[in-house]
Amino acid sequence: QKDHGHGDVLELERTVVVEPPPLYKVWLLNDDYTPMDFVVTVLTEFFYKNLEQAEQIMLKVHHEGKAVCGEYPRDVAETKVVRVARYARAHGHPLQCVMEGV
Ligand code: TYC
């Protein structure tokens, strides 16, 4: 217990252990119809990748069937999945975005 000189507030020192939130991987899945440019746009706009990273990830999905776009706390991951689905459907593309382990 120390008096740090803040008037009559008594501050007790204590150690608070804060666990980082668990992270969920968000994946893009390949399909035969979504244009490559559209996938690159999704990766730059929704996942904040630069053009080079976006093209690499898009090609990985195209060749390997899926790739991780990022790892986020649960709420953030869920929101990205919903927004990508909405955006893809609004443009008439079947692009699938899923989160791991839920
Ligand atoms: N396979 C698609 C095509 O040839 C491109 C594509 C890449 C689609 C990644 C979806 O998540 C995807 N146009």
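This is a predicted model, so every value here is computed, not measured.

A. Here's a closer look at the overall build of the protein chain. Helix and strand counts for the protein chain come out as three helices and three strands. Across the protein chain, helices and strands are ordered from the amino to the carboxyl terminus as β-α-α-β-α-β. Against the globule reference of 13 Å for 102 residues, the protein chain gives a C-alpha radius of gyration of 21 Å, more extended than a compact globule. For the C-alpha atoms alone, the extent of the protein chain along its principal axes is close to 70 × 25 × 25 Å. Long-range pairs, those at least 24 residues apart, make up 65% of the contacts in the protein chain between residues at least 6 apart in sequence.

B. Broad picture of the site of the ligand. Every one of the 13 residues lining the ligand counts as a neighbour, but Leu28, Thr34, Val39, Val61 and His62 are closest to it. Of all the secondary-structure elements, those providing two or more residues to the shell around the ligand are β1 (23-29), α1 (36-45) and α2 (51-64). With three residues, α2 is the single largest residue contributor to the shell around the ligand. Classifying every residue of the shell around the ligand by side-chain character gives eight nonpolar, three polar and two charged.

C. Spotlight on the environment of Ala85. Among the secondary structure elements, Ala85 is positioned in helix α3 (residues 74-90). Exposure remark for Ala85: the 14 C-beta atoms within 10 Å place this residue in the partly exposed category. When the C-alpha atoms of Ala85 and Gly65 are compared, they prove to be 18 Å apart, with 20 residues separating the residues in sequence.

D. Representation of α3. Compared with an ideal rise of 1.5 Å per residue, which puts 17 residues at 24 Å, α3 spans 24 Å between its outermost C-alpha atoms and is within 8% of the ideal. Among all positions in α3, only Ala77, Lys80 and Val84 are buried. All buried residues of α3 project into a common sector of 60° when viewed along the axis, lining one side. Away from its buried face by more than 90 degrees, α3 exposes Asp75, Val82, Arg86, Arg89 and Ala90. Those residues of α3 hidden inside the fold are in contact with β1, α1, β2 (66-73) and β3 (96-99). Among the residues trailing α3, Gly92 stands out with phi positive, at a value near 75°.

E. Inspection of the nonpolar core at higher detail. Formed by 15 residues in total, the largest nonpolar core has its most connected members in Val39, Leu43, Ile57 and Met58. Only β1, α1, α2 and α3 provide two or more residues apiece to this core. Per-element accounting of this core gives the leading share, four residues, to α2. Discounting chain neighbours no more than four positions away, the residues touching Leu43 are Lys49, Ala54, Ile57, Met58 and Cys69.

F. How the structure looks around the UniProt feature "domain: Adaptor protein ClpS core" (unreviewed entry) in the protein chain. UniProt annotation of "domain: Adaptor protein ClpS core" (unreviewed entry) refers to residues 20-97 when read in the numbering used here. Along residues 20-97 the backbone is 53% helical and 22% strand, and the end-to-end C-alpha distance reaches 24 Å.

Procedures and definitions
- Residues numbered from 1 in each chain as written.
- Predicted model: local features only at pLDDT ≥ 70, side-chain atom pairs only at ≥ 80, totals over all residues.
- Helix = DSSP H or I, 4+ residues; strand = E, 2+ residues; numbered from the N terminus.
- Rg over C-alpha atoms; globule rule 2.2 N^0.38 Å.
- Contact = placed C-beta atoms within 7 Å.
- Near = placed C-beta within 6 Å.
- Nonpolar A, V, L, I, M, F, W, Y, C, P; charged D, E, K, R; others polar.
- Buried ≥ 20, exposed ≤ 12 C-beta atoms within 10 Å, placed from the backbone.
- Expected span 1.5 Å × (residues − 1).
- Arc of directions from axis to C-beta.
- Core = buried A, V, L, I, M, F, W, Y, C linked by C-beta atoms within 7 Å.
- UniProt positions renumbered as here; feature names shortened; annotations may be inferred.

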